[in-house]
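Next come the chains, spelled out residue by residue.
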Amino acid sequence: KNSKENVNSSKSVQDKGSFSFLLNLEKTQCSLASSSPQAQQQMASAEGRARWLEDHWFPAQHRKNPSIRFSAGGSSGVKIEGPLAPGETASDFEMHWKKKLSSALKKIETEDLGNMDAISLRDSIPEEDPEGRGARDLRSLERKLSVSVVFCDNGHVLLAGQEAKLQKKCFEIRNMLSHYHWRLSGTDVAFKNMTGTK
C-alpha cells in the first residue's frame, strides 16, 4: 500500500458551510499491517507522525491558510476544519487536505528508541541547564531540525522526522535523552543501541 491509501479513512462533520474531518493515523496504518509485530510498529509510527504534524506541519499550513484550523485528535489523530470555498464540496475539501497530509507523511519516519520510562524521563529534564541540556534546548533542537521527540504513555520514546535527519542530525538529541535516562536508571540506552547490547 502507498501513503495515499494511509489517509483514506476518517470521520467528518459538515455544518453551515464549514467542514471538519478527523483522521486516525493509527487505525488506517494498522489496518495495513499483516502481522502483530508490524501492527505494533505501525502504532508507534502513527503516534510519531501525528506529533510531527502537530509540531511542524500544522503551524506552517496555518500560516499559509489562516482560515483553516489544525489540531490533534488523540495521540495519533489529526483534525482539520474550516470553511468551504465557493463551489467547493465537503468531499473536495477532505480530498484536498488528505492529499496534502499524504504528501507530508511520505517524507516522515519514526524511530522507536525503546522503553526509557518516557514520562519520568520527560519530567526529569530541567527547563534550563547551564550545559545546554535542558527542555528549552531540546525544543530548540526539535525546531532547528524539524524533528519531534515523543514521550509515549507506554514508556517508549520516539523520534519523528525525515529519515536523513534522524540518521545524521540527531546526535545531540540522542545524547541528551541518554544522559537523563542514565541518571534515572543507570542504563545508557544510546550506548546499548549502538553496540547491540541487550
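Residues numbered from 1 in each chain as written. Predicted model: local features only at pLDDT ≥ 70, side-chain atom pairs only at ≥ 80, totals over all residues. Heavy atoms only, no water.

**Thoughts on the nonpolar core**
Where we set the bar: Buried residues of nine kinds, namely Ala, Val, Leu, Ile, Met, Phe, Trp, Tyr and Cys, make up a nonpolar core once their side-chain atoms join them within 4.5 Å. Exposure is judged per residue with a 1.4 Å probe applied to protein chains only, and the accessible area is read against the type maximum: over 50% gives exposed, under 20% gives buried, and values in between give partly exposed. Strands are runs of DSSP state E lasting at least two residues, helices are runs of H or I lasting at least four, and both sets are numbered from the N terminus onward. It only takes one pair of heavy atoms within 4.5 Å for two residues to be counted as in contact.
Judged by nonpolar contacts, the single largest core of 23 residues is most densely connected at Leu-53, Trp-57 and Ile-80. Where this core is concerned, the elements lending two or more residues are β2 (18–24), α2 (36–64), β4 (77–83) and α3 (90–105). Discounting chain neighbours no more than four positions away, the residues touching Trp-57 are Trp-52, Phe-70, Ile-80, Trp-97, Lys-100, Leu-101 and Ala-104. Leu-113, Met-116, Ala-135 and Phe-151 belong to the second largest nonpolar core, which has 20 residues in total.

**Looking at the packing of helix α5 (residues 135–145) against helix α7 (residues 171–185)**
To keep things clear, this is the line we draw: Axis angles are defined between N-to-C directions and span 0 to 180 degrees, where every axis is a line fitted to C-alpha atoms and, for a helix, only to the segment in contact. Any angle that falls under 35 degrees is termed roughly parallel, while one over 145 is termed roughly antiparallel, one within 65 to 115 roughly perpendicular, and all others oblique. It is the rotation of the near helix from the far one that decides the hand of a crossing: anticlockwise by less than a right angle makes it left-handed, clockwise makes it right-handed.
Contact pair α5 / α7: the axes reach a minimum separation of 10 Å and the direction vectors enclose 155°. Classified by the angle between their axes, α5 and α7 sit roughly antiparallel to one another. For α5 against α7, the interelement crossing comes out left-handed. Where α5 abuts α7, its residues Asp-137, Leu-138, Leu-141 and Leu-145 lie against Glu-172, Ile-173 and Met-176.

**A look at α3**
Given 3.6 residues per turn, any residue in an α-helix points the same way as the ones three and four places further on. Cut-off, in case you're wondering: An expected span of 1.5 Å times one less than the residue number is assigned to each helix. Relevant arc is that of directions from the helix axis to the C-beta atoms, nothing else.
Its 16 residues place the ends of α3 22 Å apart at the C-alpha level, agreeing with the 22 Å of an ideal helix rising 1.5 Å per residue. Of all the residues in α3, the buried ones are Ala-90, Phe-93, Glu-94, Trp-97, Lys-98, Leu-101, Ser-102, Ala-104 and Leu-105. For α3, the arc enclosing every buried residue in end-on projection is 160°, short of the 170-degree limit, so these residues lie on one face. With respect to the buried face of α3, the exposed residues turned more than 90 degrees away are Ser-91 and Lys-99.

**Looking at the confidence of the model for the chain**
It should be kept in mind that the predicted coordinates are not to be read in detail where pLDDT is low. Where we set the bar: Along the chain, pLDDT gives the predictor's confidence residue by residue, from 0 to 100.
Residue-level pLDDT values for the chain average 85, and 80% of them are 70 or greater. Counting interchain partners and residues more than four positions distant, the pLDDT-below-50 stretch residues 29–35 has 13 contacts.

**Points about the side chain of Gln-61**
The topology assignment puts Gln-61 in helix α2. Exposure remark for Gln-61: the relative accessible area of 8% places this residue in the buried category. Aside from chain neighbours lying at most four places away, what touches Gln-61 is Phe-70, Trp-97 and Lys-100.

**Re unusual backbone geometry**
Glycine aside, negative phi is the norm for most residues, and most peptide bonds take the trans geometry. Backbone geometry at Asp-117 places phi at a positive 50°, although glycine is not the residue there. Relative to the elements of secondary structure, Asp-117 occurs in the loop between β5 (108–115) and α4 (118–124). Not every positive phi belongs to a glycine, and Ser-146 is a case in point at roughly 55°.

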